[in-house]
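As a plain string of letters, each chain reads:
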Amino acid sequence: MSGVMPHGLVVDFKHLNVPLVVSGALNRGIATVKEDRKEMLASYGLAYSLMKFFTGPMSDFKSVGLVLINSRRDRLKAVLCMVVAGIIAFVLHILIAHTDLGYYIINKLHHVNDSVGNKTRRAFFYLSLFPVLDAMAWIHSGILLKHKHSLLVGSASISDVVAQIVFVAILLQSNLECVEPLLIPILSLYMGALVRFTIVGLGYYCNVHDNIPDTSSIEIGGDATIRKMLSFWWPLALILATQRISRPVVNLFVSRDLKGSDEATEAVAVLTATYPVGHMPYGWLTELRAVYPAFDKNNPANRRTGGASVTKSHIKRFTLCCFLISLTMCFILFWSPGVSESILVHIIGVDESFAQRCITPLRIFSFFPIPVCLRAHFTGWLMTLKKTFVLAPSSALRIGVLVVSLVVLPYMGVHGGTLGVASLLAGFMGEASMVFIGAACVYRRQKSDKNKELVADGENSSPMREVNPTTELDSIQELGEGEGHRGP
């Protein structure tokens, strides 16, 4: 790295490990009701994936904090946006949990039986307050990243995971294990998010609040309006909403493909178990998109704060290094004999026969670092230029490719968890391709505009070069004539 290493990258331990901890906690929480293990796992998987559909777009306000928030007034506007969004998410959770809308979305669309559907809606109701708490943590995480407090953000995410582990251990000693096993991972999830929010909130007030102005100066573009924030945010939110809805869509098609039978419940359980394990080696690559905005000198705030010189070349090398680490981890974990099975049995808590069904889906996850790394790198660059609208088409292509794959692959003999993960990979590849094409178009446009500016400058300077020799010649002639008049 030529002596310079971007230190703004936060390995998002929350997104990397929390689903793994939650899944393991769920299995241990229902250990005493083994006959319902698969039902409970499928129910929690459906509820958690639907909930992530709401929290996903809101969590991307971290990018707003990273790029647009330069003053206390900007922060208040961002917090207001998240409060409104949290209230809307809460209302939708209540409607899905307690009305016929939820029965249609969960029972009918997913072709699950009444027992799984009721448990899913109950878990979804318990998760109704999580989106606003999660969003408040993310907006402050973005502000801290902007001011290079990445270690604090990473520590908060690690503390989130640790808090969940501790509270799982505590709650397992209570009677919740017998009364309502679903509450064990859900309450742990809340406690982890509360710890994370407390750390980043205190971190903001201790390290940033007194060091930023009440309003932004004209030098860095003035105060960001709510309209400007939403214009920057909505393409990222659309993409993340598409990513979050991908899991429910996969669960839906996989379940319907198997006609709502016991095999369908088992397939959804396989997906629920493999998602966190498969996500573990590559999930943190998504945070690479924070590197460009945090260090690239196109960002006025970076020019103002100065600091160590980190070039685009350094960022590219750092990205490549992270990609190779992630790819190596995937192949070691998922292709080495017995490693993935051991993780599933001893951490997730499934039995040996169930773990065998997860091997093929996990091996497909080995190829996810390729599209995820490309997407993160070019997304960060476009965020720095504030051209996030270019990213919007990638969400449509992702969901289109995903649905086509889910429809076509069963005719090729692919079913169950393998169908779900293979379709997800196809969607990822489609999305990454569109992001690359969009970034290439922006780069080409920038290069073309720069060439036009150079040509225009050249044309403007040409007349000056033509006038100067003439002016100098006239001066010499006048001088000569003057000397002639002054001569004898």
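Residues numbered from 1 in each chain as written. Predicted model: local features only at pLDDT ≥ 70, side-chain atom pairs only at ≥ 80, totals over all residues. Heavy atoms only, no water.

*Asks:* Before we move on, could you go through the overall build of the protein chain and cite the residues and values that matter?
*Replies:* Helices and strands together make up the secondary structure of the protein chain, namely 21 helices and zero strands. Taken over 488 residues, the protein chain has a buried fraction of 54%. The contacts of the protein chain with a sequence gap of at least 6 include a subset with a gap of at least 24, amounting to 84%. In the structure as shown, the protein chain presents an accessible area of about 21400 Å², 65% of it carried by carbon and sulfur atoms. (Helix = DSSP H or I, 4+ residues; strand = E, 2+ residues; numbered from the N terminus. Buried < 20%, exposed > 50% of the residue type's maximum accessible area, 1.4 Å probe, protein only. Contact = heavy atoms within 4.5 Å. Areas by Shrake-Rupley, 256 points an atom, 1.4 Å probe, with all protein chains shown as cover.)

*Asks:* If you had to explain the packing of aromatic side chains to someone new, which residues and values would you point to?
*Replies:* In the structure shown here, the tally under the stated rule is 11 aromatic pairs. Look at Tyr-282 and Phe-368: their rings are 5.4 Å apart centre to centre, the planes differ by 35°, and that puts the pair in the tilted class. Of this pair, Tyr-282 sits in the loop between helix H12 (262-279) and helix H13 (291-295) while Phe-368 sits in the loop between helix H18 (359-364) and helix H19 (369-384), placing them 86 residues apart in sequence. Residue Phe-368 is classed as buried on the basis of its relative accessible area of 0%. An aromatic cluster is built from Tyr-282, Phe-365, Phe-368 and Phe-428, whose rings are joined through pairwise contacts. (Phe/Tyr/Trp six-rings, centres within 6.5 Å; stacked < 30°, edge-to-face > 60°.)

*Asks:* Tell me what's going on with the side chain of Arg-75, and back it up with residues and numbers.
*Replies:* For Arg-75, the position within the fold is in helix H4 (residues 72-98). As a buried residue without a salt bridge, Arg-75 has its nearest oppositely charged side chain in Asp-214, at a separation of 10 Å. Once residues lying within four places of it in the same chain are set aside, the contact partners of Arg-75 are Ile-69, His-140, Ile-143, Tyr-204 and Tyr-205. (Lys, Arg positive; Asp, Glu negative; His and termini not counted. Salt bridge = Lys/Arg side-chain N within 4 Å of Asp/Glu carboxyl O.)

*Asks:* Give a description of the packing of helix H7 (residues 130-146) against helix H10 (residues 183-207) that names residues and reports values.
*Replies:* Packing of H7 against H10 brings their axes to within 9 Å, and their N-to-C directions diverge by 30°. The angle between H7 and H10 falls in the class roughly parallel. For H7 against H10, the interelement crossing comes out left-handed. Seen from H7, the contacting residues are Phe-130, Leu-133, Asp-134, Met-136, Ala-137, Trp-138, His-140, Ser-141, Ile-143 and Leu-144; seen from H10, they are Leu-189, Tyr-190, Ala-193, Leu-194, Arg-196, Phe-197, Val-200, Gly-203 and Tyr-204. For the contact of H7 with H10, the class distribution of residues is 14 nonpolar, three polar and two charged. (Axes fitted to C-alpha atoms, helices over the stretch in contact; angles between N-to-C directions. Parallel < 35°, antiparallel > 145°, perpendicular 65-115°, else oblique. Left-handed = near helix turned anticlockwise from the far one by under 90°. Nonpolar A, V, L, I, M, F, W, Y, C, P; charged D, E, K, R; others polar.)

*Asks:* Could you give an account of the nonpolar core, naming the residues involved and the relevant values?
*Replies:* In this structure, Leu-344 and Phe-368 are the most contacted members of the largest nonpolar core, which totals 95 residues. Sorting elements by how many residues they give to this core places helix H11 (residues 226-257) first, with nine residues. Counting 24 residues, the second-largest nonpolar core is a separate cluster that includes Leu-46, Ile-106, Val-112 and Leu-133. (Core = buried A, V, L, I, M, F, W, Y, C linked by side-chain atoms within 4.5 Å.)

*Asks:* Account for the state of the cysteines, with residues named and values stated.
*Replies:* This model, assessed by the stated rule, comprises zero disulfides. Between Cys-373, a free cysteine, and Cys-322, which holds the nearest cysteine sulfur, the sulfur-to-sulfur gap is 7.4 Å. On the accessibility criterion, Cys-373 (7% relative accessible area) is buried. (Disulfide = S-S within 2.5 Å.)

*Asks:* Could you give an account of unusual backbone geometry, with specific residues and numbers?
*Replies:* At Lys-148, a residue that is not glycine, the phi angle is positive and equals roughly 65°. Relative to the elements of secondary structure, Lys-148 occurs in the loop between H7 and helix H8 (150-171). Looking at Lys-148, the relative accessible area reads 26%, which means it is partly exposed. The phi dihedral of Lys-386 falls on the positive side, at around 60°, and the residue is not glycine. Mapped onto the fold, Lys-386 is located in the loop between H19 and helix H20 (392-408). Overall, Lys-386 belongs to the partly exposed group, its relative accessible area being 34%.

*Asks:* Any details on the pattern of salt bridges? Residues and values, ideally.
*Replies:* On inspection of all chains with the given rule, the structure shows seven salt bridges. Between Arg-357 and Glu-266 there is a salt bridge, with the nearest N and O atoms lying 3.1 Å from each other. Taken together, the positions of Arg-357 in helix H17 (residues 352-357) and Glu-266 in helix H12 put the pair 91 residues apart, joining distant regions of the chain. Given a relative accessible area of 42%, Arg-357 falls into the partly exposed group. Judged by its relative accessible area of 17%, Glu-266 is buried.

*Asks:* How would you sum up the side chain of Ser-395? Please name residues and give values.
*Replies:* On the secondary structure map, Ser-395 appears in helix H20. Relative accessible area serves as the criterion here: at 4%, Ser-395 is assigned to the buried category. Reaching out from Ser-395, the side chain makes a polar contact with the backbone oxygen of Ala-392 at a distance of 2.7 Å. Apart from residues lying up to four places away in sequence, Ser-395 is in contact with Leu-238, Ile-239 and Thr-242. (Polar contact = N/O pair within 3.5 Å; in protein donor to acceptor, adjacent residues only side chain to side chain.)

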